[in-house]
Amino acid sequence: MPHVEVLPNSTSSVAPGWTYVVDTGYDPSKVAINPKNKKRVAAQPGGARGEHELSSRQQAAIARRIAELNRDNDPKQSIPVPGKTSTPKTQNARRIIQYQRQIKHWLDDEEAQLAQLQQAPQPRSATTASRIAAQPLRRSSTMISVPPTPSEATPGPAAATPISQRSHFEDDPLLSIERSMPPPLNPAELSALLTAPPLSYAASHVAPPPADGPPSRHFCDNCGYWGKIKCLKCGARVCGLECKDAHEATRCLKWA
Amino acid sequence: MPPKGSKKASAAAQTQTLVLDNGAYTLKAGLVSSASADPSYDDCTVIPNCIARSTRDKRTYVASELETCKDFGELAFRRPVERGFIVNWEAEKAIWENEFMGAGAGEGLRCDPKETNLLLTEKPNCPKELQKNCDEIVFEQFEFAAYYRCVGSTLNAYHPYGPDSLFSLPQECLLLIDTSYSDTTISPIYNGQLIQPAVRRLTVGGKLLTNYLKELSSLRHYNMMDETYLLNEAKEAVSFVAPSAQQFSRDLEWTWKGRLGDKRELDPSIVLDYVLPDYEQSIHGYARPHDPAKSRMRRGLQPVQGPKEDLLPLGNERFTVPELLFRPTDIGIQEVGLPAAIMESLSTLPEALKIGMLANVVVVGGNSLIPGFMERLESELRTLVPADYLLNIARAEDPIKHTWLGGARFASQRDRLKNVLVAKAEYDERGSGWLVRKFAGGG
Ligand SMILES: [Zn+2]
Ligand SMILES: [Zn+2]
């Protein structure tokens, strides 16, 4: 559950560079600073930094941190393969075994290739290329989940939109009984689903939470309790004065 | 339907198949013969898929050799699989050779690839270039007699529904959730075939959870950034998933230290001390009830008494870390949690399939073993699924080996296997571009 409580407005509390945050349920990057505190921010030396700049810096910092948490191998560390192993038997094998690339490079390549296919003129027939090229739209550009387009080769029934169908049922209680007896599987639709090519790795990720969903929660950067106070230098949250000191001594700006 | 095999494949098919579920964290492997009785979990060997180097004993451990390691302090890992895909073939080749072909290969795993079929799993949405690399190494370097590569999730359709089940295999509708080291994937499977456009993945997997706990512990207690092994062990020992968002809030309150001048008692049913191994007397850590006196000693607020030991107090870390599977936004990952992700995957399917999938949801992967995980998943999913739909969700009996066993069952049925295997001769004739297309379902 979102925590909307604000610390009691004690006198000693707000140090320069800090602000209490009322959790409005919006993404902090959009509501970067409680409007109430705007004047103070502007009046502070060094506090004139634009809200936008802070929030994009903060977003980049979060992205870096997640990349760090999601890393498979430490690029700074190389552990040689010990002992004797077989020598490569073909040119292909030699090339592949010698690759020192990391997953990031392969995934970047995949996205670059898809982007190229998208720009290329559409071939006359429904080829795999055109189908694949349609996919990255699903996430990489819009970040909105769009149901994948069935291949051009299977027009008609495959274009039935399950989403509108569903909301139709939900809207009309009289039709709800039909839900227990769904329309039988349309063979063309089924075959389109089963023959559709895979999504790209990037496109396979789930969508971000809807804007009207439960608000995101914020935690103390130091102890993990609710984060009620926001550091104006780096955007991190802390729970109180004790953790504020610890934050400033350790992690402040670490991710910025 | 699996891709049609060729005459050449059937002619070259061997009686023995190496079934290999090639995970980022562990390999699940076993030799299966088409003549053998129904295989079981016991036929599967779990092997670390890494090369580890200790700066302390200056030794390098390849895969199963890690069993002999006595000091996991500052142990560094090299993992050939990244994000679930085989990326570094220099390391993977060394591991396969060590485990399946070398003098040190375990009994029951050692094989001559020239006389063996390979059934190899991959994660969904593998980049084509990596698939091509994999196929080329399998045939050109290892020279397996015949080979089939497929998305591991699909093999779970070859488990009988129940011991007395009359249904034929593969299962008609299966929604397979794989929450493992690299990430968490959702795969709707129809008659053993993956419905590609409905596959979804969440960034959060066991690796990210361990790294998160490592980061938190380093910030709050000691620098543990080089102690991946230790923190992974601690995570497995103490993590739990809060039953609900409300309970999460409650637990967070009860594990808060309070404010200056208003200190709170910590809930002793949640806060633990994890006793760190010293690698002299002990190799592994363990958890025990939190002792506030020890914390004060550690911070120099009280004279040190009793045995010298290092403690890692764990409070909200126990449940905020695995919470990321349900609320990735807690650390800023812009993705919905697992229950909503499942619904997103299903939203691409026609109603009848959706109903079938929800009636048969199976969860595999190590994260499903975290206490409370299944209960939370089921209860949140129940609130998202229309009330008149049947929801059947279960964790596989052995969520680590279940995909392997499905593969072993598949491989033990000669006709099924024959249909999908590609022989080396055919690869030599038609090349790796053709093979990637063939395994993707095209001719
Ligand atoms: Zn705090
Ligand atoms: Zn800060």
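Residues numbered from 1 in each chain as written. Chains lettered and ligands numbered in written order. Predicted model: local features only at pLDDT ≥ 70, side-chain atom pairs only at ≥ 80, totals over all residues. Heavy atoms only, no water.

**Let's talk about the packing of aromatic side chains**
Phase 1: Under the criterion given, the structure shown has 20 aromatic pairs over all chains.
Phase 2: Relative to Tyr181 of chain B, the ring of Tyr25 of chain B has its centre 5.2 Å away and its plane inclined at 20°; by these criteria the two rings are stacked. In this pair, Tyr25 of chain B sits in the loop between β1 (16-22) and β2 (26-33) while Tyr181 of chain B sits in the loop between β11 (173-179) and β12 (184-190), placing the two residues 156 residues apart along the sequence.
Phase 3: Here the aromatic rings of Phe142 of chain B and Phe144 of chain B are separated by 6.2 Å at their centres, their planes lie at 40°, and the arrangement is tilted. For the pair shown, Phe142 of chain B and Phe144 of chain B are each scored as buried.
Phase 4: Here a set of aromatic residues connected by ring pairs shows up, and it is made of Phe139, Tyr147, Tyr148, Tyr158, Phe410, Tyr427 and Phe439 of chain B.
Phase 5: When the ring centre of Trp256 of chain B is taken as reference, the NZ or CZ atom of Lys228 of chain A above it lies at 5.8 Å.
Phase 6: One Lys or Arg, Arg250 of chain B, reaches over the ring of Trp254 of chain B and ends 3.7 Å from the middle of that ring. (Phe/Tyr/Trp six-rings, centres within 6.5 Å; stacked < 30°, edge-to-face > 60°. Helix = DSSP H or I, 4+ residues; strand = E, 2+ residues; numbered from the N terminus. Buried < 20%, exposed > 50% of the residue type's maximum accessible area, 1.4 Å probe, protein only. Lys NZ or Arg CZ within 6 Å of the ring centre and 35° of its normal.)

**Some details on the pairing of strand β17 (residues 272-275) of chain B**
Residue and element names in this part refer to chain B.
Phase 1: Judged by which residues are buried, β17 turns out to be covered on both faces: Leu272 and Tyr274 on one side and Asp273 and Val275 on the other are all buried.
Phase 2: Across four bridges, the pairing between β17 and strand β18 (residues 286-289) is antiparallel. Opposite Tyr274, over in β18, you have Ala287 as the bridge partner.
Phase 3: In the sheet, β17 pairs with strand β19 (residues 311-314) via four bridges, with the strands oriented antiparallel. Bridge assignment links Asp273 to a residue of β19, and that residue is Pro313. (Pairing = 2+ DSSP bridges.)

**A word on the coordination of the zinc ion (ligand 2)**
In an ideal octahedron of six donors the angles at the metal are 90 or 180 degrees, and in an ideal tetrahedron of four donors they are 109.5 degrees.
All names here are of chain A.
Phase 1: For the zinc ion (ligand 2), the full set of protein donor atoms is Cys231 (SG), Cys234 (SG), His247 (NE2) and Cys252 (SG), and the range of their distances to it is 2.1 to 2.3 Å.
Phase 2: For the zinc ion (ligand 2), the four donor atoms are set out with angles of 97 to 118° between them, so the coordination reads as tetrahedral.
Phase 3: As a motif over one chain, the donors of the zinc ion (ligand 2) read C-x2-C-x12-H-x4-C. Note that Cys231 is positioned in strand β2 (residues 229-231) and Cys252 in the segment after α8 (241-249), a separation of 21 residues in sequence. Each member of the pair Cys231 and Cys252 is classed as buried. (Donors = N, O, S within 2.8 Å, 3.2 Å for Na, K, Ca; no water. Tetrahedral: all angles 85-135°; square planar, octahedral: opposite > 155°, others 65-115°.)

**Some details on the pairing of strand β20 (residues 361-364) of chain B**
Residues and elements named next belong to chain B.
Phase 1: Of the two faces of β20, both are covered, the one formed by Val361 and Val363 as well as the one formed by Val362 and Val364.
Phase 2: Two strands pair when backbone bridges link them, and β20 and strand β21 (residues 393-395) are joined in this way by three bridges, in the parallel orientation. Of the residues in β21, the one forming a bridge with Val361 is Ile393.
Phase 3: Crossover handedness for the path β20 to helix α11 (residues 373-384) to β21: right-handed. (Right-handed = clockwise from strand over helix to strand, strands pointing away.)

**Focus on the interface of chain A and chain B**
Phase 1: Facing the 87 residues of chain A at the interface are 89 residues of chain B.
Phase 2: Here chain A and chain B share an interface that buries about 8200 Å² over both sides, 57% of which is from carbon and sulfur atoms.
Phase 3: The largest share of the area that chain A buries against chain B comes from Leu69, Ile79 and Arg217 of chain A, three residues that together contribute 9% of it.
Phase 4: Counting the contacts that link chain A with chain B gives eight salt bridges.
Phase 5: Ionic pairing is found between Asp72 of chain A and Lys207 of chain B, a salt bridge with its closest N-O pair at 2.9 Å.
Phase 6: If you look at where chain A meets chain B, you find 34 residue pairs in polar contact (both at pLDDT 80 or more).
Phase 7: Mapped onto the side of chain A that touches chain B, the elements with two or more residues apiece are α2 (51-69), α3 (91-98), α4 (103-119), α6 (162-171), α7 (187-195) and α8 of chain A. (Contact = heavy atoms within 4.5 Å. Buried area = accessible area lost by both parts, 1.4 Å probe. Salt bridge = Lys/Arg side-chain N within 4 Å of Asp/Glu carboxyl O. Polar contact = N/O pair within 3.5 Å; in protein donor to acceptor, adjacent residues only side chain to side chain.)

**Some details on the confidence of the model for chain A**
All names here are of chain A.
Phase 1: Of the residues in chain A, 55% have a pLDDT of 70 or more, and the chain-wide mean is 69.
Phase 2: When mean pLDDT is compared element by element in chain A, α3 scores highest at 97, while helix α1 (residues 38-43) scores lowest at 35.
Phase 3: A low-confidence stretch, residues 1-14 stays under pLDDT 50, and its non-local contacts, those more than four residues away or across chains, total 26 contacts. (pLDDT = per-residue confidence, 0-100.)

**Here's the deal with the UniProt feature "domain: HIT-type" (unreviewed entry) in chain A**
Phase 1: UniProt's entry tags residues 216-244 of chain A with the feature "domain: HIT-type" (unreviewed entry), counted in the numbering of this structure.
Phase 2: Taken end to end, residues 216-244 of chain A comprises 14% helix and 17% strand; its first and last C-alpha atoms sit 21 Å apart. (UniProt positions renumbered as here; feature names shortened; annotations may be inferred.)

**Here we look at the coordination of the zinc ion (ligand 1)**
All names here are of chain A.
Phase 1: Every protein donor of the zinc ion (ligand 1) is listed here as Cys220 (SG), Cys223 (SG), Cys239 (SG) and Cys243 (SG), and their distances to the metal cover 2.3 to 2.4 Å.
Phase 2: Every donor counted, the four donor atoms about the zinc ion (ligand 1) form angles of 103 to 119° at the centre, which fits tetrahedral coordination.
Phase 3: Within one chain, the residues serving as donors to the zinc ion (ligand 1) are arranged as C-x2-C-x15-C-x3-C.
Phase 4: With relative accessibility at 14%, the residue Cys223 sits in the buried group.

**A few points about unusual backbone geometry**
Residues and elements named next belong to chain B.
Phase 1: Here the bond from Leu169 into Pro170 is cis, since omega is -5°, no more than 30 degrees from zero.
Phase 2: With respect to the helices, strands and loops of the structure, Pro170 is situated in the loop between β10 (146-151) and β11.
Phase 3: In this structure, Asn125 takes a positive phi of about 60° despite not being glycine.
Phase 4: Relative to the helices and strands, Asn125 is located in the loop between β9 (117-122) and α3 (128-141).

**Details of the sheet that holds β1 of chain B**
Residues and elements named next belong to chain B.
Phase 1: Taken together, the six strands give an open sheet; going across it, the order is β3-β2-β1-β9-β10-β22, and neighbouring strands pair in mixed fashion. Of all strands in the sheet, those with a lone pairing partner are β3 (45-48) and β22 (422-423), marking the two edges.
Phase 2: Relative to β2, β1 is paired through seven bridges, and the arrangement is antiparallel. The partner of Thr17 across the bridge, within β2, is Val32.
Phase 3: Contacting β9, β10 and β22, α3 crosses the sheet at an angle of about 155° to β10. (Axes fitted to C-alpha atoms, helices over the stretch in contact; angles between N-to-C directions.)

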